[in-house]
Amino acid sequence: MPAQLAYQRDAATSHVAGWGAVFALTLCVATLVASEFMPISLLTPIATDLHVTERRAGQAIAVSGVFAVLTSLGISQATRGIDRRAVLLSLTVLTMASGVMVSFAPNASVFMAGRALIGIAIGGFWSMSAATVMRLVPQEDVPRALGVLNGGNALATTVAAPLGSFLGQYVGWRGAFFSVVPLAALTLAWLFASLPSMPSVGAARGTIFRVLRRPRVPFGMVAVTLFFFGQFALYTYLRPFLETVTRVDVSTLSLLLLITGGAGLLGTYLIGAILRRRLYSVLVAMPLAMAAIALALTTLGGSAITACILLAGWGLVGTAAPVGWWTWLSKDLPDDAEAGGGLMVAVIQLAIASGATAGGFVYDRSGYRSTFAVSAAALCASAVVAGTGFCHARRKQVSVQAPLGGG
């Protein structure tokens, strides 16, 4: 049986059970993302306790990112032939192990080893997420299920840093990290009860770069890279922009970021229905909308009310965009979604890192206007590449079908 049919058969087995597993995976997403970003608000006490500099403690984010990339590039082949249920359960166990190691780390080396484990779990999970969802729900429900999954991501991204700071005040940074362990244990129990057996399918031989031979995939991966580059070239430096240009105080800043995150949650909820009808148009329109917001911030961002409205639009579109790209992956690589997912996770992680680095360089040298202009240019380029790729593939498909129609 072809891999695509196997995915569809799995999705049709039990509608209710499939959605139960999707919600369990959403809790897993929230736990992983909270673990990934919690160090942001805890760097000072971590550095003090482990007797390292704050810069060295800050490498906790980089370590998890590096291992996420490495895992995403190799997990499809490394787990070839292994039931996907067992792989996902094992990644959840790694999340628990990471929380324990980090919480009780006697030194920086053990702390970083624990962060490496969470990076492996993140890279492995996201690489398999689209392929797993395709096997849990009917094909027409895939965009909605991916929206739910990314809603967990958006929620955790929004609350991870402030929650870590809050817990750190009362139970210390170790207690804050250990709070992830019972969540991971709950996730493990829920996944164990809800995930069906999912035999490995579609794991062809060769590296994950084989998917680049598909017509639309190279354009899609470049467009994804440009999108996340542009998004994080701006988003990483929102706080200094709001503090120096919009001139908001800390409480207003927190409110603006909360509104941005809340709008993102709304976006992940709304986009599923739209993607069913206009997937490719949406993938072109979203980066153009964000580019317009980036440019508008440079001229209108001095007003707190205007900045609030623009940032709400940024969150609404930007947080929903990954749902669109994961849906594209499920449609263009239905028979090799794990390999495509691994490659997409890798390019996203690299794009985020390079976008944040480039944005910081430009911000230091030329200020926020140039940084936001770089962001807008990358986002526009993403739209152009995506539109070109989709049109090219459509023309190629028509040219192949034309002789058949004429015959």
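Residues numbered from 1 in each chain as written. Predicted model: local features only at pLDDT ≥ 70, side-chain atom pairs only at ≥ 80, totals over all residues. Heavy atoms only, no water.

## Examining helix H10 (residues 238-246)
Given 3.6 residues per helical turn, the α-helix brings residues three or four places apart onto the same face. Of the residues making up H10, those classed as buried are Leu-238, Phe-241, Leu-242 and Thr-246. Across the axial projection of H10, the buried residues extend over an arc of 95°, all falling on one side. Note on H10: the residue one or two positions beyond its end, Arg-247, has a positive phi of about 60°. (Buried < 20%, exposed > 50% of the residue type's maximum accessible area, 1.4 Å probe, protein only. Helix = DSSP H or I, 4+ residues; strand = E, 2+ residues; numbered from the N terminus. Arc of directions from axis to C-beta.)

## As for the pattern of salt bridges
A complete count under the given rule lists three salt bridges for this structure. Between Arg-216 and Asp-332 there is a salt bridge whose closest N-O contact spans 2.7 Å. Of this pair, Arg-216 sits in the loop between helix H8 (180-194) and helix H9 (217-235) while Asp-332 sits in helix H12 (residues 304-332), and the two are 116 residues apart along the sequence. Pair check on accessibility: Arg-216 and Asp-332 agree, each one buried. (Salt bridge = Lys/Arg side-chain N within 4 Å of Asp/Glu carboxyl O.)

## Considerations on the environment of Phe-372
Within the secondary structure, Phe-372 is located in helix H14 (residues 368-406). Relative accessible area serves as the criterion here: at 0%, Phe-372 is assigned to the buried category. Along the sequence, Phe-372 and Leu-297 sit 75 residues apart, while their C-alpha atoms lie 8.1 Å from each other.

## Some details on the nonpolar core
Residues Phe-125, Trp-325, Trp-328 and Met-344 are the most contacted members of the largest nonpolar core, which totals 93 residues. In terms of residues, this core owes the most to one element, helix H11 (residues 250-300), which gives 14 residues. Here Trp-328 is in contact with Arg-216, Val-217, Gly-220, Met-221, Leu-279, Tyr-280, Leu-283, Met-344 and Phe-390, once residues within four sequence places are set aside. Ile-46, Ala-105, Met-112 and Phe-177 belong to the second largest nonpolar core, which has 19 residues in total. (Core = buried A, V, L, I, M, F, W, Y, C linked by side-chain atoms within 4.5 Å. Contact = heavy atoms within 4.5 Å.)

## Structural notes on the packing of aromatic side chains
Tallied over the full model, the rule gives 14 aromatic pairs. Where Phe-241 meets Phe-372, the ring centres are 4.9 Å apart and the plane angle is 50°; that geometry is what we call tilted. Here Phe-241, found in helix H10, pairs with Phe-372, found in helix H14; they are 131 residues apart in sequence, far enough to count as distant. The burial state of Phe-241 is the same as that of Phe-372; both residues are buried. (Phe/Tyr/Trp six-rings, centres within 6.5 Å; stacked < 30°, edge-to-face > 60°.)

Read these as geometric descriptors, not functional statements.
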